[in-house]
Amino acid sequence: MGAWWSQVIKCWVKAVRALDVDPAPTIKDIRHMWKTNALSSGQDSEVCKAITGHSRGMAGRYGRIPDNKIVEAIDIMSFEHGKSETWAARKKAAR
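Note that the structure is a prediction, hence the values are computed from the model and not measured.

Novice: Which residues make up the packing of aromatic side chains, and what are the values?
Specialist: In this description, an aromatic ring pair is defined by two values, namely the gap between the centres and the angle between the planes. For the structure on display, the rule yields one aromatic pair. When the centroid spacing of 5.5 Å and the interplanar angle of 75 degrees are considered together, the rings of Trp-4 and Trp-5 count as edge-to-face. The class for Trp-5 is partly exposed, based on a relative accessible area of 29%.

And the structure:
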């Protein structure tokens, strides 16, 4: 994936350590949590696929989702759907 991915991972590890949560989330956990919340927010599944890169789907095969639709989808996201089914971290116990 290249040097840019190494930088992403380095920043991710630093951010997760700063959160001090257990279990620590992975980048994949956050991607899945975002998609779960997007679908719970009423997002179109093809738009979710385009944003997360899970699959090209029908839109990827036969057309392209316009950038403004993707921006609108991100702008109306809500994370007020209760605990995520993908990842629920708890604060590490003080030692």
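Having seen it, we continue.
Novice: A description of a nonpolar patch on the surface should follow, citing residues and the corresponding values.
Specialist: Residues Trp-4, Val-8, Ile-9 and Val-13 make up a contiguous nonpolar surface patch of roughly 330 Å² in combined accessible area. Within the secondary structure, Val-8 is located in helix H1 (residues 3–19). For Val-8, a relative accessible area of 32% corresponds to the partly exposed category.

Novice: Can you lay out the side chain of Asn-37 for me, pointing to particular residues and giving the numbers?
Specialist: The residue Asn-37 is located in helix H2 (residues 27–40) in this model. Overall, Asn-37 belongs to the buried group, its relative accessible area being 6%. Of the polar contacts made by the side chain of Asn-37, one reaches the backbone oxygen of Met-33; its length is 2.9 Å.

Novice: Outline the confidence of the model for the protein, supporting the account with residue identities and numerical values.
Specialist: Looking at the protein, the pLDDT average stands at 76 and 72% of residues meet or exceed 70. The spread of mean pLDDT over the elements of the protein runs between strand E2 (residues 90–91), the lowest at 48, and H1, the highest at 88.

Novice: Break down the packing of helix H3 (residues 45–52) against helix H5 (residues 67–75) for me, citing the residues and quoting the values.
Specialist: The geometry of H3 relative to H5 is characterised by a closest axis approach of 10 Å and an angle of 95 degrees between their N-to-C directions. With respect to their mutual orientation, H3 and H5 come out roughly perpendicular. The segment H3 lies against H5, with Val-47, Ala-50 and Ile-51 engaging Lys-69, Ile-70, Ala-73 and Ile-74. For the contact of H3 with H5, the residue count by class is six nonpolar, no polar and one charged.

Novice: Could you give an account of the pattern of salt bridges, naming the residues involved and the relevant values?
Specialist: Per the counting criterion, the structure on display carries one salt bridge. Across the pair Glu-46 and Lys-49 runs a salt bridge, and its minimum N-O distance is 3.7 Å. One end of the pair is Glu-46 and the other is Lys-49, both in helix H3 and three residues apart, which spans about a single turn. In this structure Lys-49 comes out as partly exposed when scored by relative accessible area, which is 23%.

Rules used in this analysis
Residues numbered from 1 in each chain as written. Predicted model: local features only at pLDDT ≥ 70, side-chain atom pairs only at ≥ 80, totals over all residues. Heavy atoms only, no water. Phe/Tyr/Trp six-rings, centres within 6.5 Å; stacked < 30°, edge-to-face > 60°. Buried < 20%, exposed > 50% of the residue type's maximum accessible area, 1.4 Å probe, protein only. Patch = residues over 30% accessible without salt bridge, like charges linked within 9 Å, V, L, I, M, F, W, Y side chains within 5 Å. Areas by Shrake-Rupley, 256 points an atom, 1.4 Å probe, with all protein chains shown as cover. Salt bridge = Lys/Arg side-chain N within 4 Å of Asp/Glu carboxyl O. Helix = DSSP H or I, 4+ residues; strand = E, 2+ residues; numbered from the N terminus. Polar contact = N/O pair within 3.5 Å; in protein donor to acceptor, adjacent residues only side chain to side chain. pLDDT = per-residue confidence, 0-100. Axes fitted to C-alpha atoms, helices over the stretch in contact; angles between N-to-C directions. Parallel < 35°, antiparallel > 145°, perpendicular 65-115°, else oblique. Contact = heavy atoms within 4.5 Å. Nonpolar A, V, L, I, M, F, W, Y, C, P; charged D, E, K, R; others polar.

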